[in-house]
Amino acid sequence: MPSRMSTRFVIFLVTCVALVWGMLLHAHMSRSSTGHALQERREVIRRFQLSDLCLFTDARYIRHPVAADLHTPFQDYPLSMEHFPSGSLMPVPPHLRRGGGE
Amino acid sequence: MRVIEKHRNILDFTLSSLARRKGKNLSLVFVYTFVVFLIASVTFFTHSLKTEAEVILRDAPEMMVQRLVAGRHDLIPMSYMDTIRQIRGVQSVTSRLWGYYFDPTNGANYTLLVKPEEHSTSGTILVGRGVARSVRSKQTGTIPFKTYDGSYLFLRIKEVFTAESELANADLILISEADFKRLFAYPDGYATDLVLHVRNANELPTIATKITHLLPDTRPILREEIVRTYDAVFSWRGGLVIVVLLGVVLAFFILAWEKATGLSAEERREIGILKGLGWETTDVLFMKFWEGAVISLSAFFLGILCAYGHVFFTSSMLFEPALKGWSVIYPDFRLTPVISAYQISTLFFLTVLPYTVATIVPAWRAATVDPDTVMRA
C-alpha cells in the first residue's frame, strides 16, 4: 500500500477511468452479442405486423401508444390508471381494488 | 517534474485536510454520488430504450389505417380496402384482427391477434412468456375465456414464444379467426385496422393524404410516426423523471453552494495560517481546486459506475415499481447497453465542473485578504 495519500488517490482515479473504459467496452461488446435477440424481436414485429413494444400492459393507450385514441381519457378497464397528470390525483376507488388487479 | 511534485504535495495536504473532517466530507460524497447515480441511471435507461425501439420498429408496418367514430378507434369495413387499393403506389392492403381481453382471474390484460398464416387451429393458442407466467391454470395449460354472451371458451396453450422476443410479444396471444370471432361476436366484413405496403416509401405522405381525402373518417399512421411516438414517449418520461430529480439536484446544489461559498471560520483560519507560512495565493487556490476535484471526481465515477450496474445488470431494479405500474404482465428483458463518450462527458460537465468552480471562488476571496486580518476575524 503506497504511503502517500496522493499516490493512493491517483491509483483510485486510474482504476475508475479503467472501469469507465471497461463499461464502454462492455456496452460495445453487448451490442454485438445481443444482435441475435434484436434480430428475433425485429422478426416478430415483421411477421405479426406489430406496431408497438410490449412495455406496459395496464392500459391500452400505454400498451399501444401508436394506435391509441387521441387524448381520450378513461378508455380502459376499471383498474387502469390515467397517465395524464390529473389522473395521479384521483386514486382507484376502493370497491374496484377488491378485484384481481391488486 | 517540479510542477508535478508541487501538485502532489498540495494534493497530499488537501487529502489530509479532508480526512480531518471525515464525517462531513464522506456524507457530502455519498449525497453527491447518489445524485449522479440517479441522473446517470435515467439517462442510460431512456437512451437505451429509445435506441431499442428505434431498431426494432424499423420492421413495423409502413402504414396503418384506423377508422375513427366519435373520436374513438372503431372497426373498419373491409370495403375500405378496395378504395385504398385503387390509389396509385399502393402495393398491398391487408386487414388486421386484434383486440384486448381483460382476464378477471389474475387482473391481466392480453393482446389477442389473429394471423391465419401463423396460426389457424381452433381450440389452441400461441402465447407470449408474460401470459404463460401469469395464467393460474398452469397444470392444465388451458386458459378459460369469458365470451360476449357469458359462456366460457377454453383454449389450450400450444406454444410459448421465445424469451428473446418478450419485449415485443410478452402479452400477445395468437388465436384462430374462428375463436376470435366466437369470443367477441366480431362482425363479418370488418377488421380492427388495415396495414399497407407501398412501392416507394417516399410516396407514403402523399398516399396518406389521398386516403384521408377519399375516406375522411380514417386516420393513417405512418411508420415514421410510430418511431417518433416512441422517441417522444421516452423523452417525455426521461424529462418527467428529470423534473422529479430536479428537487434532489437543487437540494444538492444548495448544499454544495453552502459548503463552497461560505468558508467556515476554521477554513479561513487555515488559509490565513498557510499564507502566513509563505503559501502563495495560487497555492491556496490549487489546494481548493484539488479539494473540489477530489470530491466531485470521486462522486462522478462512483455514480456512473453504479448507474451502469443498476440499469444493465439489475434491469433497473429501482425504477421497476414505477415502470410496472398496474401491469400484471410485464416483459422480463435486459436492455442492450447504449452509452457513448458524449453522454459521459455531458454528465461530467453537468456534475463535476459546477462544484469544482464553486469551491475556488470563495477561496480566492479569502486568499487575497491579508493573512493577519483573516486570522484575527
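Our structure is the block above this text.
**A few points about the interface of chain A and chain B**
Okay, so step 1: Taken together, the 58 residues of chain A in the interface contact 86 residues of chain B.
Okay, so step 2: In total, chain A and chain B occlude about 6600 Å² of area from one another, counting both sides; carbon and sulfur atoms represent 64% of this.
Okay, so step 3: Across the contact surface, chain A and chain B share 6 salt bridges.
Okay, so step 4: We note a salt bridge from A:R42 to B:D59, for which the minimum N-O separation is 2.7 Å.
Okay, so step 5: Contributions of two or more residues to the side of chain A that touches chain B are made by α1 (5-33), α2 (35-48) and α3 (60-63) of chain A.
Okay, so step 6: The dominant element in the side of chain A that touches chain B, judged by the number of residues it contributes, is α1(A), at 16 residues.
Okay, so step 7: Here the side of chain A that touches chain B is composed, by residue class, of 31 nonpolar, 14 polar and 13 charged.

**Considering the packing of aromatic side chains**
Residue and element names in this part refer to chain B.
Okay, so step 1: Tallied over the entire structure, the rule returns 21 aromatic pairs over all chains.
Okay, so step 2: Ring centres of Y101 and Y110 lie 6.4 Å apart, and the angle between their planes is 15°; on these two criteria the pair is classed as stacked. A single burial state applies to Y101 and to Y110, both of which are buried.
Okay, so step 3: Ring geometry for Y308 and F313: centres 6.0 Å apart, planes at 70°, overall edge-to-face.
Okay, so step 4: F313 sits in the partly exposed class, given a relative accessible area of 43%.

**Details of unusual backbone geometry**
Residues and elements named next belong to chain B.
Okay, so step 1: Of note in the backbone geometry, A185 takes a positive phi value of approximately 55° without being a glycine.
Okay, so step 2: The topology assignment puts A185 in the loop between α6 (177-184) and β10 (190-191).
Okay, so step 3: Overall, A185 belongs to the partly exposed group, its relative accessible area being 39%.
Okay, so step 4: One non-glycine residue, S316, lies in positive phi territory at about 50°.

How each quantity is defined
- Just so you know, the residues in each chain are numbered from 1, in the order the chain's sequence is written.
- The lettering of chains begins at A and the numbering of ligands begins at 1, in the order of writing.
- Local features in this predicted model are restricted to residues of pLDDT 70 or higher, and side-chain atom pairs are both shown and tallied only at a pLDDT of 80 or more, whereas totals for entire chains, interfaces and linings draw on every residue.
- Side-chain metrics in this entry use all non-hydrogen atoms of the structure; hydrogen atoms and water are not considered.
- Only heavy atoms enter the contact rule, under which two residues are in contact if any of them lie within 4.5 Å.
- Buried area counts how much accessible surface, traced with a 1.4 Å probe, disappears from two parts once they are put together, with both parts' losses summed.
- Only one rule defines a salt bridge in this text: a Lys or Arg side-chain nitrogen within 4 Å of an Asp or Glu carboxyl oxygen.
- Going along the chain from the N terminus, every DSSP run of H or I of four or more residues is numbered as a helix, and every run of E of two or more is numbered as a strand.
- Ten residues, namely Ala, Val, Leu, Ile, Met, Phe, Trp, Tyr, Cys and Pro, are considered nonpolar, four, namely Asp, Glu, Lys and Arg, are considered charged, and the remaining ones, Gly among them, are considered polar.
- A pair of Phe, Tyr and Trp rings is counted when the ring centres sit within 6.5 Å of each other, with Trp represented by its six-membered ring. The angle between the planes then sorts it: under 30 degrees is stacked, over 60 is edge-to-face, the rest tilted.
- Partly exposed residues are those whose accessible area sits between 20% and 50% of the maximum for their type, while under 20% is buried and over 50% is exposed, using a 1.4 Å probe and protein chains only.

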